[in-house]
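The primary structure of each chain is shown beneath.
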Amino acid sequence: MRIRYFDNAATTKVRKEVFDKMFPYFMEEYGNPSSLYKLGRMARVGVEEARKQVANLVNCDKNEIYFTSGGTESDNTALKGIMYLDKCIGKHVITTKIEHHAILNTCKTLEEKGFKVTYLNVDEEGRVNVEELYNAITEDTVLISIMFANNEIGTIQPIEKIGEIAHEKGIIFHTDAVQACGNVEIDVKKMKIDMLSLSGHKIGAPKGIGALYVNKNIEFKNLIDGGHQERDKRAGTENVPGMIGLGEACRIAKRDLKIHAKRLQKFRDMYMQEIQDKVPDIKINGSMEERLPGNSNISFKGVNGSELLMKLDEKGICASAGSACSSGSSLPSHVLTAIGLTSEYAEGTLRVTFGEDNTKEDVEYLIENLANIVKEIRTNQ
Ligand SMILES: *Cc1c(COP(=O)(O)O)cnc(C)c1O
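Residues numbered from 1 in each chain as written. Predicted model: local features only at pLDDT ≥ 70, side-chain atom pairs only at ≥ 80, totals over all residues. Heavy atoms only, no water.

Honestly, the domain arrangement of the protein chain in this entry has me stumped. Any pointers?
Interface size is often expressed as the accessible area that is lost when the parts come together. Split into domains, the protein chain comes out as domain 1 (4-12 + 257-379) and domain 2 (16-253). Distance from the C-alpha centre of domain 1 to the C-alpha centre of domain 2: 28 Å. Of the roughly 2,400 Å² buried where domain 1 meets domain 2, counting both sides, 53% is carbon and sulfur surface. Of all residues in domain 1, Leu257, Leu292 and His334 give up the largest surface area on contact with domain 2, accounting jointly for 27% of the area buried on that side. (Domains from an automatic or database assignment. Buried area = accessible area lost by both parts, 1.4 Å probe.)

What's the story with the pattern of salt bridges in this structure? I'm lost.
Per the counting criterion, the structure on display carries 28 salt bridges. With a shortest N-O distance of 3.1 Å, glutamate 238 and arginine 44 are connected by a salt bridge. Here arginine 44 lies in helix 3 (residues 38-58) and glutamate 238 lies in the loop between strand 8 (210-214) and helix 8 (240-278), a separation of 194 residues in the sequence. Note that lysine 91 and aspartate 140 form a salt bridge whose closest N and O atoms lie 3.6 Å from each other. (Salt bridge = Lys/Arg side-chain N within 4 Å of Asp/Glu carboxyl O. Helix = DSSP H or I, 4+ residues; strand = E, 2+ residues; numbered from the N terminus.)

When you look at the site of the ligand in this model, what are you seeing that I'm missing?
Lining the immediate environment of the ligand, one finds 13 residues, of which Thr72, Asp176, Gln179, Ser199 and Lys202 sit closest. Taking glutamine 179, its side chain carries an N or O atom lying 2.7 Å from an oxygen atom of the ligand. Its free accessible area being 380 Å², the ligand has 87% of it covered by the protein chains. Top contributing element to the shell around the ligand by residue count: helix 4 (residues 71-83), with three residues. When grouped by side-chain class, the residues that make up the shell around the ligand number two nonpolar, eight polar and three charged. (Near = heavy atom within 4 Å. Polar contact = N/O pair within 3.5 Å; in protein donor to acceptor, adjacent residues only side chain to side chain. Areas by Shrake-Rupley, 256 points an atom, 1.4 Å probe, with all protein chains shown as cover. Nonpolar A, V, L, I, M, F, W, Y, C, P; charged D, E, K, R; others polar.)

Explanation requested: unusual backbone geometry in the structure shown.
Comment: phi is negative for the bulk of residues other than glycine, and the bulk of peptide bonds are trans. A positive phi angle is found at arginine 231, which is not glycine, with a value near 50°. With respect to the secondary-structure elements, arginine 231 resides in the loop between strand 8 and helix 8. Backbone geometry places aspartate 281, a non-glycine residue, at a positive phi of 55°. One can find aspartate 281 in the loop between helix 8 and strand 9 (282-284). Aspartate 281 sits in the partly exposed class, given a relative accessible area of 46%. (Buried < 20%, exposed > 50% of the residue type's maximum accessible area, 1.4 Å probe, protein only.)

What is the right way to read helix 12 (residues 360-379) from this model?
An α-helical segment advances 3.6 residues per turn. Residues three or four places apart therefore align on the same side. The first and last C-alpha atoms of helix 12 sit 29 Å apart over 20 residues, in line with the 28 Å expected at 1.5 Å per residue. Where helix 12 is concerned, the buried positions are Asp362, Val363, Tyr365, Leu366, Ile367, Asn369, Leu370, Ala371, Ile373, Val374 and Ile377. Packing partners of the buried residues in helix 12 comprise strand 1 (4-5), helix 8, strand 10 (295-300), helix 9 (305-314), strand 11 (317-318) and strand 13 (349-353). (Expected span 1.5 Å × (residues − 1). Contact = heavy atoms within 4.5 Å.)

Shown next as structure tokens:
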């Protein structure tokens, strides 16, 4: 059976162009970028070219990009890198209740070490209230970390407004833009973003590569000790093919941003409209305006999310549930809890995230099968 993949917020397939660009760096240009002979220098040239492509996507200088092992490491480095500076010991961080666990669990660690953390509420669409953010700021606040777009419900935060407030108060502003990159326009200068996390495998590059942008005026500590790679900020011999792949994925993301977003949004809108028409007792989660183009998140009243996923899987459809990391737990996720979804809806939540490879026929197949499966589950109860 053909696989129809609708879980692009979980990971994406490596793009053909990305793979082709990476390929020579495994067995031909395999030198260590720190080596001085030609083979090493060739790898260095490739890495620095890739760094430039990543920088171009978010409009920063190439020397403000640090390669990491992915979104999780970028988030950890951003938060700990600032808070572990001597001058920040015991200080205050502001974040939200709907962050990815890479942020939330890093904040938990910070709390255990004596830092203060405020977790902002969000409204029923998943948006932060900038007034509430403003009021949460204290003399001790050194860092605000608010995600650009949510990975479950796709809600986009008022980033420019947040950047303005942070800037005005002299507080560092970090954003986890792992889901936003390649899907919405990002300009760290215009948006006054000081630090930004992105990840390769969400945009057509491989897993295990990511980047952190840090404004050149901001000092931060490295997480990993060792050699002098990444200007002493991230030790360890470079993942050269990964970096090359991320650079190429960023180049394509920038080039195709508008058509890509339009294409995904067309499928998403078609799906949401038809499911609304065909299936009663549903609830659409997130915002209709401030939303990632490829994200849909719908709760089906009285339906068990894991059962729904299993039945979709039998039809070759990959999607995701709204339970805690879809890891077998049927408790509603922290995001669905934060937007105030009642459990009779939350338990039957389905996240469908569209991607580059989806076709109209795939989407029609999804709609038809999903409508039938929901009906079947409900009648068997
Ligand atoms: C996927 C994701 C991460 C983690 O990125 P990895 O590269 O898988 O470590 C962090 N934040 C958000 C919003 C994500 O969607």
